[in-house]
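Descriptive analysis of the structure
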Amino acid sequence: MRLLEFGCLVAVLCGLVVSVKAEIYIITAEGEPVTSYRGGIDGFEATVVESDEKIDTNSELVTSYAHHLEKKHDMLLGMLFEPGTFKKLYSYRHLINGFAVHIFPEQVRAIDFSSCFWVSGSRI
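Residues numbered from 1 in each chain as written. Predicted model: local features only at pLDDT ≥ 70, side-chain atom pairs only at ≥ 80, totals over all residues. Heavy atoms only, no water.

On to the overall build of the protein. Broken down by element type, the protein carries three helices and four strands. Going residue by residue from the N terminus, the α and β elements of the protein occur as α-β-α-β-β-α-β. Within the protein, the fraction of its 124 residues that count as buried is 25%. Long-range pairs, those at least 24 residues apart, make up 60% of the contacts in the protein with a sequence separation of at least 6. In the form shown here, the protein has an accessible surface area of approximately 8,700 Å², with 59% of it arising from carbon and sulfur atoms. (Helix = DSSP H or I, 4+ residues; strand = E, 2+ residues; numbered from the N terminus. Buried < 20%, exposed > 50% of the residue type's maximum accessible area, 1.4 Å probe, protein only. Contact = heavy atoms within 4.5 Å. Areas by Shrake-Rupley, 256 points an atom, 1.4 Å probe, with all protein chains shown as cover.)

Within the secondary structure layout, Thr 47 lies in the loop between β1 (23-29) and α2 (60-80). From its side chain, Thr 47 meets the backbone oxygen of Val 34 in a polar contact 2.5 Å long. Not counting the four nearest positions on each side in its chain, Thr 47 is found in contact with Val 34, Tyr 37, Ile 55, Leu 61, Val 62 and Tyr 65. (Polar contact = N/O pair within 3.5 Å; in protein donor to acceptor, adjacent residues only side chain to side chain.)

Before going further, it helps to spend a moment on the pairing of β1. The side chains of a regular strand alternate between the sheet's two faces. The buried count for β1 comes to five of seven residues, which makes it a mostly enclosed element. Across six bridges, the pairing between β1 and strand β3 (residues 98-103) is antiparallel. Note on β3: the bridge partner recorded for Tyr 25 is Val 101. (Pairing = 2+ DSSP bridges.)

With that out of the way, let us pick up the pattern of salt bridges. Summed over the entire model, instances satisfying the criterion amount to three salt bridges. Between Glu 70 and Arg 93 there is a salt bridge, with its nearest N and O atoms 2.8 Å apart. Here Glu 70 is found in helix α2, whereas its partner Arg 93 is found in the loop between β2 (87-92) and β3, with 23 residues between them in sequence. In this structure, Lys 88 and Asp 74 form a salt bridge, with 2.6 Å as the shortest nitrogen-oxygen distance. Of this pair, Lys 88 sits in strand β2 while Asp 74 sits in helix α2, and the two are 14 residues apart along the sequence. Judged by its relative accessible area of 23%, Lys 88 is partly exposed. Taking the relative accessible area as the measure of exposure, Asp 74 reaches 39% and is therefore partly exposed. Because the salt bridges share partners, they merge into one network encompassing Glu 70, Asp 74, Lys 88 and Arg 93. (Salt bridge = Lys/Arg side-chain N within 4 Å of Asp/Glu carboxyl O.)

Here α2 contains 21 residues, and its C-alpha end-to-end distance of 30 Å stays within 8% of the 30 Å for a straight helix at 1.5 Å per residue. When α2 is considered as a whole, its buried residues turn out to be Val 62, Tyr 65, Ala 66, Leu 69, His 73, Leu 76 and Leu 77. What you see down the axis of α2 is that its buried residues fit within an arc of 120°, all on one side. Of the residues in α2, the exposed ones pointing more than 90 degrees away from the buried face are Glu 60, Lys 71 and Met 79. (Expected span 1.5 Å × (residues − 1). Arc of directions from axis to C-beta.)

Interpretation note: all reported values are geometric properties and have no functional meaning in isolation.
This is how it looks when you write it as structure tokens:
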């Protein structure tokens, strides 16, 4: 009888684990994206252009700063989560400074949103 009770308990616990699924979240980070960066970070000149100008996404200034943002995203993810517990899907660098990441809801709750993050999540 005890073996049957144990089996039922294991089945219920497995069901709870399976029912919690990772979701895709967009997390925006502190700092300006390419289109509004006015300078101020050593080694990176301003990338913002006048309202009537088109931004050259292939220029050295833009690609350098965009790469800087992507490295910062990767560093933040590495600080927030254990390797293998998340999957970064995309780095947003031009219109917003942030990234899309596939994580579990409890991982989102563990993030300190005091000053540098904003999260938008949805089940996809």
